Amino acid sequence: QKEVEQDPGPLSVPEGAIVSLNCTYSNSAFQYFMWYRQYSRKGPELLMYTYSSGNKEDGRFTAQVDKSSKYISLFIRDSQPSDSATYLCAMTPLNTGNQFYFGTGTSLTVIP
Amino acid sequence: GAGVSQSPSNKVTEKGKDVELRCDPISGHTALYWYRQSLGQGLEFLIYFQGNSAPDKSGLPSDRFSAERTGGSVSTLTIQRTQQEDSAVYLCASSLEVAGHNEKLFFGSGTQLSVL
């Protein structure tokens, strides 16, 4: 079993839709959760990060963490064509010399 | 610098040749990571540096792969006797150590390596 599972998609939605991207994980030691956005031929760009269970909002983006279910989500409201990219979840136990564990990424296309 | 810088952005080489990939992390970031990303695959961890030492090399796929970091800054990933299966995007990331752990990885744009 992989440490982090993420549906690869692809996901295609019309402009203005609400998008839900999800990851599940198996290691209860994970304490810090991140979402990265990766455009074609670019490196991943940090989008959201959070330590705690619950919701964290930043503009059109909301990161949600449910540690009891080992499940994290990224919601995108009023999706735009510029949101078309691959979204990767990542997490780490934040111990000394910590490693980061990534999902395989979900490819999203927002159609104008 | 303003961000993580990697060079070259693209590298085409012949099977059996050696290649060197360079990473210049964000100034002041003590941790540096190398990952490999193949088409349709997730990020594969290769090696992690804290300062100039590499406490975790567990992801290096074979002894053809090596990496070093000097002056707590620039890192070089070397692949000897390249094989076609080495073709991938090689990503470097750096991180600031906070309270004994690393958070918020910042990535470069990667080096696209193609082995013919």
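Engineer: Tell me about the environment of Ser5 of chain B, residues and numbers included.
Structural biologist: Residues and elements named next belong to chain B. Position of Ser5 among the secondary structure elements: in strand 1 (residues 5–7). Residue class for Ser5 comes out partly exposed when judged on its relative accessible area of 41%. Spatially, the C-alpha atom of Ser5 lies 5.0 Å from that of Asp24, the residues being 19 residues apart in sequence. If near-sequence neighbours (up to four positions away) are discounted, Ser5 is found in contact with Arg22, Cys23 and Asp24.

Engineer: Outline the nonpolar core, supporting the account with residue identities and numerical values.
Structural biologist: Grouped together as the largest cluster of nonpolar side chains are 24 residues, with contacts concentrated most on Trp35, Ile72, Leu74, Tyr87 and Met91 of chain A. If you list the elements that add at least two residues to this core, you get strand 3 (19–25), strand 4 (32–38), strand 5 (45–50), strand 7 (61–66), strand 8 (71–76), strand 9 (85–92) and strand 11 (106–111) of chain A. Among the nonpolar cores identified, the runner-up in size contains 19 residues, and Cys23, Ile26, Phe49 and Leu60 of chain B belong to it.

Engineer: Could you give me a rundown of the state of the cysteines, with the residues and numbers involved?
Structural biologist: Residues and elements named next belong to chain A. Across all of its chains, the model carries 2 disulfides over all chains by this definition. Residue pairing for Cys23: its cysteine sulfur links by disulfide to Cys89, the two sulfurs lying 2.0 Å apart. Taking the torsion about the sulfur-sulfur bond, which here is approximately -100°, the covalent link between Cys23 and Cys89 counts as left-handed. Of this pair, Cys23 sits in strand 3 while Cys89 sits in strand 9, and the two are 66 residues apart along the sequence.

Engineer: An account of the environment of Arg60 of chain A is needed here, citing residue identities and associated values.
Structural biologist: Residue and element names in this part refer to chain A. The residue Arg60 is located in the loop between strand 6 (54–58) and strand 7 in this model. Arg60 sits in the partly exposed class, given a relative accessible area of 25%. For Arg60, the residues in contact, after removing those within four places along its chain, are Phe75, Ile76, Arg77, Asp78, Ser79, Gln80 and Asp83.

Engineer: Residue-level account of the sheet that holds strand 6 of chain A, with values.
Structural biologist: All names here are of chain A. Across the sheet, which stays open at both edges, the 5 strands sit in the order 1-3-8-7-6 with antiparallel pairing between neighbours. Edge positions in the open sheet fall to strand 1 (4–6) and strand 6, since each of these has one partner strand only. For this sheet the average axis-to-axis angle between neighbouring strands, irrespective of direction, equals 20°. Bridge analysis of strand 6 against strand 7 gives 5 bridges, and the strand direction is antiparallel. Counterpart to Lys56 in the pairing with strand 7 is Ala63.

Engineer: Kindly report on the pattern of salt bridges, identifying the contributing residues and their values.
Structural biologist: All names here are of chain B. Here the structure, examined in full by the defined rule, presents 5 salt bridges over all chains. Arg64 is paired through a salt bridge with Asp86; the nearest N and O atoms lie 2.8 Å apart. Highlighted residues: Arg64 in the loop between strand 6 (53–56) and strand 7 (65–69) and Asp86 in the loop between strand 8 (75–79) and strand 9 (88–98), separated in sequence by 22 residues. Residue Arg64 is classed as buried on the basis of its relative accessible area of 11%. Using a relative accessible area of 1% as the deciding quantity, one classes Asp86 as buried.

Engineer: Got a sec to walk through the side chain of Gln38 of chain A? Specific residues and values, please.
Structural biologist: Position of Gln38 of chain A among the secondary structure elements: in strand 4. Given a relative accessible area of 10%, Gln38 of chain A falls into the buried group. Polar contacts involving the side chain of Gln38 of chain A include one to the side chain of Gln37 of chain B, which spans 2.9 Å.

Engineer: Could you give an account of the sheet that holds strand 1 of chain B, with specific residues and numbers?
Structural biologist: Residues and elements named next belong to chain B. One open sheet holds the 4 strands; their spatial order is 1-3-8-7, and the pairing between them is antiparallel. The sheet is open, and its two borders are formed by strand 1 and strand 7, each paired with just one other strand. Strand-to-strand twist across the sheet, computed as the mean angle between neighbouring axes with direction ignored, equals 15°. Pairing of strand 1 with strand 3 (residues 19–24) involves 3 bridges; the strand directions are antiparallel. Counted as the bridge partner of Ser5 is Asp24 from strand 3.

Engineer: Talk me through the environment of Pro44 of chain A; I want residue IDs and the actual numbers.
Structural biologist: On the secondary structure map, Pro44 of chain A appears in the loop between strand 4 and strand 5. Linking Pro44 of chain A and Asp66 of chain A, residues 22 residues apart in sequence, is a C-alpha distance of 24 Å.

Engineer: Would you mind going over the interface of chain B and chain A in detail, with residue names and values included?
Structural biologist: Contact residues are listed per partner, giving 20 residues for chain B and 22 residues for chain A. Summed over both partners, the interface of chain B with chain A comes to about 1,700 Å²; 55% of that surface belongs to carbon and sulfur atoms. The interface formed by chain B and chain A holds 0 salt bridges in total. Here chain B and chain A share 3 residue pairs in polar contact (both at pLDDT 80 or more) between them. At the level of elements, strand 4 (31–37), strand 5 (43–50) and strand 10 (101–107) of chain B are the ones that each hand at least two residues to the side of chain B that touches chain A. When residues of the side of chain B that touches chain A are assigned to their parent elements, the largest contribution, 6 residues, is made by strand 10 of chain B.

Definitions and cut-offs
Residues numbered from 1 in each chain as written. Chains lettered and ligands numbered in written order. Predicted model: local features only at pLDDT ≥ 70, side-chain atom pairs only at ≥ 80, totals over all residues. Heavy atoms only, no water. Helix = DSSP H or I, 4+ residues; strand = E, 2+ residues; numbered from the N terminus. Buried < 20%, exposed > 50% of the residue type's maximum accessible area, 1.4 Å probe, protein only. Contact = heavy atoms within 4.5 Å. Core = buried A, V, L, I, M, F, W, Y, C linked by side-chain atoms within 4.5 Å. Disulfide = S-S within 2.5 Å. Pairing = 2+ DSSP bridges. Axes fitted to C-alpha atoms, helices over the stretch in contact; angles between N-to-C directions. Salt bridge = Lys/Arg side-chain N within 4 Å of Asp/Glu carboxyl O. Polar contact = N/O pair within 3.5 Å; in protein donor to acceptor, adjacent residues only side chain to side chain. Buried area = accessible area lost by both parts, 1.4 Å probe.

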